[in-house]
Amino acid sequence: MKKLICILLILCLLCACAKKAPEPAPLPESAGEPAASAEAAPEPKPAPESAQDAAEPPAPDYEHEPGWDPAAPSPDPASGQEYEPVEMLSTLSDAQRTELNVFLSNFSELNFPNFKRGSFDTVTLVNFAYMHNKINPFGRDRIDVRQYGGESCYSISAADVDACLERFLGVQIDHAAFEMDGHPVGYDGERYYFLAADGEAFNTFSVATAMNRTADGTCHVAFDIYDLDYEAYWDTGLTDEYYAMTPAQAEASPVLTRRGSGEAELEDYVNNGGATWRLTSYYLTPEP
C-alpha cells in the first residue's frame, strides 16, 4: 500500500513539472539605449502652417526679382565674374534724360501692364500700338475712320501695328480679331477696327529715378509714375517741361501726384539712324 501511495505522489509531481511554462529569455541590450521595437511607428513630421508653406515658391516672371538693387553686382555672361553695374542716369544730358522719360511715358500714359518679351498678351500689344498712334501727332495719319460691321470705327493697318511693336518692344504677333473690355475689335486680314471713341485724358508720365548698365549690356531703369492734375492738363497738356523733370523736381511739383513706380529693362536700339531703346521687360511695383 505504501508503495502505491509513493508511486501516485511521484506521478503527480511529474505532471506538475510538465505543465509549468518556461520563462522567456531576456532581450539583449545595446551599449547605448535599448533597441527600438521593429513595430514602432516613425515620428510624424510637423505639418506646414499653411498650404502656402507647403507649396514651392512660384518662379519669378521677370529676369530680376521685383525690388532689384541697381547697385548690386551682376554676373558677366562671358567670364562668369561679378560685374559692377555702371551708373548712367547722372551722366545723361538734360536732353537725354528727357528722351528717357518720354520713352518710359509711352507705356505709363497708356497704363501698360507688366510685360516680358517672349511671354505677353497679344490683345494688350495690339491695343498699345493702336492707342500709341492715335494719341501722338506723328501717328495720327496712320489712323483712319472707316465703316466696319455697320459701325463707324477707327482703323489701323496690321503693318502699322507690326512696325510699332518692332520699334518699341522687338516682338512679332499673329493677327486676328478679338474682344477687349466687352467690345469686339474687328480684323479683315489687313486692318483692325476699333469702335470710335474720344475724350480720354492722357495725363500720366514717368520720371526715371535710376539707370544702370549691367554685364549683358542691358539697361535697368527704375522710374516713378505721376499724374498731372486735370486743370493743368486741360490748360497746357503734358509739355516738355514735365518730361524734362528730375525726380526731385517731380516730387516737389504742386500739380503732380505720384501714382506708382516700376522697373524696366531696356536694350539699345537704332531707330531711323538715331540711338534709342527698346523695352524687354516692364514691371509695375505693387503699392502698399
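J.: Describe the packing of aromatic side chains, and please don't skip the residues or the numbers.
T.: For the coordinates displayed, the defined rule picks out 22 aromatic pairs. With 4.7 Å between their ring centres and 35 degrees between their planes, Tyr187 and Tyr192 make a pair best called tilted. Just as Tyr187 is buried, Tyr192 falls in that class too. For the pair Phe205 and Tyr243, a centre-to-centre distance of 6.0 Å together with 80 degrees between the ring planes defines the contact as edge-to-face. Here Tyr243 lies in helix α7 (residues 240–243) and Phe205 lies in strand β10 (residues 204–213), a separation of 38 residues in the sequence. Neither Phe205 nor Tyr243 differs from the other in exposure class; each is buried. Arg167 extends its terminal NZ or CZ atom over the ring of Phe168, reaching a point 4.4 Å from the ring centre.

J.: Would you mind going over the pairing of strand β11 (residues 219–228) in detail, with residue names and values included?
T.: By the criterion of burial, β11 is predominantly enclosed, with nine of the 10 residues buried. Pairing geometry for β10 and β11, over nine bridges, is antiparallel. Residue pairing across strands places Met211 opposite Val221, the latter belonging to β11. Between the antiparallel neighbours β10 and β11 lie five residues, among them Gly217 with a positive phi of about 90 degrees. Relative to strand β12 (residues 256–271), β11 is paired through 10 bridges, and the arrangement is antiparallel. Across the sheet, His220 pairs through a bridge with Glu265, a residue of β12.

J.: So what about the sheet that holds β12? Which residues, and what values?
T.: Pairing between sheet strands relies on hydrogen bonds along the backbone, with the strands arranged either parallel or antiparallel. Reading across the sheet, the six strands line up as β3-β10-β11-β12-β13-β4 and stay open at both edges, with antiparallel pairing between neighbours. The open sheet has two free edges, formed respectively by β3 (86–87) and β4 (115–116), since each of these has just one partner strand.

Conventions adopted
- Positions within a chain are numbered from 1, following the residues in the order the chain's sequence is written.
- In keeping with the predicted nature of the model, local features appear solely for residues at pLDDT of at least 70, side-chain atom pairs appear and are counted solely at 80 or more, and the whole-chain, interface and lining totals rest on all residues.
- Computation of side-chain values covers all heavy atoms of the structure but excludes hydrogens and water.
- To pair, rings of Phe, Tyr and Trp, with the six-membered ring standing in for Trp, must have centres within 6.5 Å; the planes then decide the type, stacked if under 30 degrees apart, edge-to-face if over 60, and tilted in the middle.
- Three labels apply to residues, based on accessible area from a 1.4 Å probe with only protein chains included: buried if under 20% of the type maximum, exposed if over 50%, partly exposed otherwise in between.
- What counts as a helix is a DSSP run of H or I of at least four residues, what counts as a strand is a run of E of at least two, and both are numbered from the N terminus.
- Each ring is checked for a lysine NZ or an arginine CZ that lies within 6 Å of its centre and within 35 degrees of its normal; such an atom marks a charge sitting over the ring.
- Pairing between strands requires that DSSP locate at least two bridges from one strand to the other.

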